[in-house]
Amino acid sequence: MQAINVSIGFDAKLWAQDILASKAHAAMLGAQGIIATADAAAIEAGLTAIGDEIAAGTFSFSDALEDIHTNIEAGLTARIGDAARRLHTARSRNDQVATDFRLYVRGAIDDVLAQIHDLMRALAGRAAEHAASVMPGFTHLQTAQPVTFGHHLLAYVEMLARDAGRLRDARARLNECPLGAAALAGTSFPIDRYMTAQALAFDRPTANSLDSVSDRDFALEYLAALSILAMHLSRLSEEIVIWCSAPYRLISLSDAFTTGSSIMPQKRNPDAAELTRAKTGRIFGGLIGLLTVMKGLPMAYAKDMQEDKEPVFDATDAITLCLAATSGMVRDMTVDTARMAALAGAGFSTATDLADWLVRVLGLPFRDAHHITGRIVAMAEQKQMDLPDLKLQDMQFIEPRITQDVFAVLSVAASVASRTSHGGTAPALVAAQAAKWLEALA
Ligand code: ARG
């Protein structure tokens, strides 16, 4: 029974939240005259001392005492005697653990948000630096149209801004205090739930005692937001892996973010990116795991809910590492702008610019322009040339009205410079967007 029931091995992580919530509860009990103010003061001092012991690593946790709540209460009783035995008046471990866990998730959200902002700053900084660095833009991982590297990096800034928004939304919904719901029905003692809610910086007490002890939506929303965030980081990691592979060679990572091979001396493996990509699995797993734990539970609390903590702790550890590694890689990477520019021009990447020119200058319907451009591309392919290297006569052979002016739109630089529609890749727009983000994140 003890082996399956015990949780101190992982919920000891909640010690600071447990002490904070117990102090708020004791102060409220004292203020409401439910316990003597002298007892409340003794409890508060005792809890501070226990917190110091735990922080110093000298507190001894016992498996026989099951969880963090009973361990701390037993420690308090050993230290201050009878007053400690009054602390659990008008509460239960059910509202206690719900409160502790909300406090933990709220703190974790704040920490993750700070890390997201740091990564956004890193990306926006590199984007400002590379607002005009051209690279091949891909769809289907096939060369599509040239874009700027800064534009590409800012796409991730947008994703991360939504991730931060999701976490802020989750935090706002989470920020109600379940303490005082007691076991499930509320309590007959004249408690002041607004007082404890305020002491713990919650916006208000929760409204329904049954929901208070049985709700783990806040943990699920957190895991869901982390899952989407991890998915974004995994996509960026995948791109980093591709970009620094030898056939692409668009970027390189320093020794600080790579490892060598035990057999191949030339290798520089992007392990940090690969592990960021891989850790996504455990974060998704945490979300699916906890959803599955919760899905069949009748009201109100059930011990199943003790399984809520490890996936949240594990996902928090994983995302913390992933965000730190990603920020590090983004700041560390060396960008090979010459190589990027060379690849940006390969693969007939300015074919759309040619088609657009036929529409704009010759007044052709886009479908016809598309067809003519296809024939010109086929000819270039046959001659093993890129579009800007074709002769005017070659193009005129297919469409006689084409003039020398067309060459102005066939270069990669002209292509990106022309993409000035709202949200487009034109260097001037990218520079402005990067500056906007850097100012917002300052
Ligand atoms: N360790 C328990 C948990 O994590 C605390 C609540 C226990 N409540 C109870 N009625 N046994 O959920």
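In this report, we go over the structure that sits alongside the text. (Residues numbered from 1 in each chain as written. Predicted model: local features only at pLDDT ≥ 70, side-chain atom pairs only at ≥ 80, totals over all residues. Heavy atoms only, no water.)

### So, the site of the ligand
Now for step 1: Every residue near the ligand is listed here: Ser7, Asp11, Asp67, His69, Arg93, Asn94, Val97, Tyr301, Gln306 and Lys309.
Now for step 2: Within the side chain of Gln306, a nitrogen or oxygen atom sits 2.7 Å from a nitrogen atom of the ligand.
Now for step 3: In this structure, Lys309 approaches the ligand through a side-chain N or O atom, which is 2.5 Å from an oxygen atom.
Now for step 4: Expressed as a share of its isolated accessible area of 340 Å², the protein-covered part of the ligand is 85%.
Now for step 5: Considered class by class, the residues forming the shell around the ligand number 2 nonpolar, 4 polar and 4 charged. (Near = heavy atom within 4 Å. Polar contact = N/O pair within 3.5 Å; in protein donor to acceptor, adjacent residues only side chain to side chain. Areas by Shrake-Rupley, 256 points an atom, 1.4 Å probe, with all protein chains shown as cover. Nonpolar A, V, L, I, M, F, W, Y, C, P; charged D, E, K, R; others polar.)

### A word on helix α4 (residues 37-56)
Now for step 1: Taking 1.5 Å per residue, 20 residues should reach 28 Å; α4 reaches 29 Å between its end C-alpha atoms and fits that length.
Now for step 2: Every buried residue of α4 is listed here: Ala40, Ile43, Gly46, Leu47, Ile50, Gly51 and Ile54. Buried residues in α4, looked at end-on, bunch into an arc of 145°, giving them a common side. The exposed set on the far side of α4, more than 90 degrees from its buried face, consists of Thr37, Ala38, Asp52 and Ala56.
Now for step 3: Residues of α4 that are buried make contact with α3 (15-31) and α5 (68-80). (Helix = DSSP H or I, 4+ residues; strand = E, 2+ residues; numbered from the N terminus. Expected span 1.5 Å × (residues − 1). Buried < 20%, exposed > 50% of the residue type's maximum accessible area, 1.4 Å probe, protein only. Arc of directions from axis to C-beta. Contact = heavy atoms within 4.5 Å.)

### Observations regarding the packing of aromatic side chains
Now for step 1: According to the stated counting rule, one finds 6 aromatic pairs in the structure shown.
Now for step 2: For the pair Phe138 and Tyr248, a centre-to-centre distance of 6.2 Å together with 65° between the ring planes defines the contact as edge-to-face. Linking Phe138 in strand β1 (residues 134-139) with Tyr248 in the loop between α10 (217-243) and β5 (251-252), this pair joins segments that are 110 residues apart in sequence.
Now for step 3: Here Phe138 falls in the partly exposed class, since its relative accessible area comes to 26%.
Now for step 4: Ring centres of Phe149 and Trp243 lie 5.3 Å apart, and the angle between their planes is 70°; on these two criteria the pair is classed as edge-to-face. (Phe/Tyr/Trp six-rings, centres within 6.5 Å; stacked < 30°, edge-to-face > 60°.)

### A few points about a nonpolar patch on the surface
Now for step 1: A cluster of nonpolar residues, Leu184, Leu210 and Met299, forms a patch on the protein surface that exposes about 270 Å² of accessible area.
Now for step 2: Structurally, the position occupied by Met299 is in the loop between α11 (271-294) and α12 (309-332).
Now for step 3: Overall, Met299 belongs to the exposed group, its relative accessible area being 58%. (Patch = residues over 30% accessible without salt bridge, like charges linked within 9 Å, V, L, I, M, F, W, Y side chains within 5 Å. Salt bridge = Lys/Arg side-chain N within 4 Å of Asp/Glu carboxyl O.)

### Overview of the side chain of Asn71
Now for step 1: Along the polypeptide, Asn71 turns up in helix α5.
Now for step 2: In this structure Asn71 comes out as buried when scored by relative accessible area, which is 2%.
Now for step 3: Within polar-contact distance, the side chain of Asn71 engages the backbone nitrogen of Ser62 at 2.8 Å.
Now for step 4: Only 2.9 Å separates the side chain of Asn71 from the backbone oxygen of Asp67, close enough to count as a polar contact.
Now for step 5: In this structure Asn71 touches Ile8, Phe59, Ser60, Phe61, Ser62, Leu65 and Glu66, once residues within four positions along its chain are discounted.

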